[in-house]
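Per-entry structural report
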Amino acid sequence: MAKQNNKQARTTVDEVNETLTSWEQKLENNRKLIYGGVGAIVAVFAAVAIFIMVRNNGMQDQQGRYGICD
């Protein structure tokens, strides 16, 4: 009984190891694509943040010009 459990545990560890190895290989093969995707996401996030900051600054200027206060 103990021998069967040991074989199953060894098999499970081997399967996990093979899965991790395959993911590692996929990441190494697609490194440029992953970096490009992450860079694009960061660029979009930065553009949205800049747009929001500029828009809020413009709204505060307009409120100051016309005397509108919250």
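For the structure, check the block above.
Residues numbered from 1 in each chain as written. Predicted model: local features only at pLDDT ≥ 70, side-chain atom pairs only at ≥ 80, totals over all residues. Heavy atoms only, no water.

Considering the overall build of the chain
Across its full length, the chain holds two helices and zero strands. Here the chain holds 70 residues, and the buried ones make up 0% of them. Summing over all exposed atoms, the chain offers an accessible surface of approximately 6800 Å²; the carbon and sulfur share of this is 62%. (Helix = DSSP H or I, 4+ residues; strand = E, 2+ residues; numbered from the N terminus. Buried < 20%, exposed > 50% of the residue type's maximum accessible area, 1.4 Å probe, protein only. Areas by Shrake-Rupley, 256 points an atom, 1.4 Å probe, with all protein chains shown as cover.)

What to know about the packing of aromatic side chains
Per the counting criterion, the structure on display carries zero aromatic pairs. Taking the ring centre of W23 as reference, the NZ or CZ of K26 above it sits at 5.2 Å. (Phe/Tyr/Trp six-rings, centres within 6.5 Å; stacked < 30°, edge-to-face > 60°. Lys NZ or Arg CZ within 6 Å of the ring centre and 35° of its normal.)

Comments concerning a nonpolar patch on the surface
Together, L27, I34, Y35, V38 and V42 make up a nonpolar patch on the protein surface, roughly 480 Å² of accessible area in all. Element by element, the count of residues in the nonpolar patch is highest for helix 2 (residues 31–66), at four residues. Among the structural elements, Y35 can be located in helix 2. Note on Y35: relative accessible area 57%, which makes it exposed. (Patch = residues over 30% accessible without salt bridge, like charges linked within 9 Å, V, L, I, M, F, W, Y side chains within 5 Å. Salt bridge = Lys/Arg side-chain N within 4 Å of Asp/Glu carboxyl O.)

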